[in-house]
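Fold and contact review
Listed below, chain by chain, are the residues.
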Amino acid sequence: MELPAQPGLTLTAYSAAPGTPEHDALRLLASWAVSENAESTGHPSGPGARSRP
């Protein structure tokens with residue numbers, strides 16, 4: 001999908017049926033993205049992240 005507000009950029013979404021090896025692989029990739037984001041911002045993010053009081 002092209003993004004009208006940002007010419008030249010596209011958005012690509014991937015999905016896989018639950019319980020398949022492909023689904024497991026996509027979840028692994030997602031966990032890497034969450035880990036990288038937390039490291040670069042210094043804040044935990046993603047499922048299971050706890051907010052600070």
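Details of the structure are given in the entry above.
All of the points below concern the structure found in this document. Residue numbers restart at each chain and count upward from 1, following the sequence in its written direction. Only residues with pLDDT of 70 or above have their local features reported here, since the model is predicted, and side-chain atom pairs are shown and tallied only from 80 upward, although totals for entire chains, interfaces and linings are computed over all residues. As a rule here, side-chain values come from all non-hydrogen atoms in the structure, and water together with hydrogens is ignored.

Observations regarding the overall build of the protein chain
What counts, and what does not: Put simply, DSSP H or I for four residues or longer makes a helix, DSSP E for two residues or longer makes a strand, and each gets a number counted from the N terminus. Three labels apply to residues, based on accessible area from a 1.4 Å probe with only protein chains included: buried if under 20% of the type maximum, exposed if over 50%, partly exposed otherwise in between. Using the Shrake-Rupley algorithm and a 1.4 Å probe, accessible areas are obtained, with residue cover drawn only from the displayed protein chains.
When its secondary structure is counted, the protein chain shows 1 helix and 0 strands. Going through the 53 residues of the protein chain one by one, you find that 2% of them count as buried. Counting every atom, the protein chain has about 4900 Å² of accessible surface; 59% of that belongs to carbon and sulfur.

Quick look at the environment of Ser15
Locating Ser15 in the fold gives a position in the segment before helix H1 (21-41). The spacing of Ser15 and Leu26 is 11 residues in sequence and 7.6 Å in space, taken between C-alpha atoms.

Examining a nonpolar patch on the surface
Test applied: Surface patches are drawn from residues lacking salt bridges whose relative accessible area is over 30%; two like charges belong together within 9 Å, two nonpolar side chains (Val, Leu, Ile, Met, Phe, Trp, Tyr) within 5 Å. Here, a salt bridge means any side-chain nitrogen of Lys or Arg that lies within 4 Å of a carboxyl oxygen of Asp or Glu.
Residues Leu28, Leu29 and Trp32 make up a contiguous nonpolar surface patch of about 320 Å² in total accessible area. With respect to the element layout, Trp32 can be found in helix H1.

Re the environment of Leu26
Rule in force here: Should any heavy atoms of two residues lie within 4.5 Å, those residues are considered in contact.
With respect to the helices and strands, the residue Leu26 is situated in helix H1. For Leu26 and Tyr14, which are 12 residues apart along the polypeptide, the C-alpha to C-alpha distance reads 8.0 Å. Excluding residues that lie within four positions of it along the chain, Leu26 makes contacts with Tyr14, Ser15 and Ala16.

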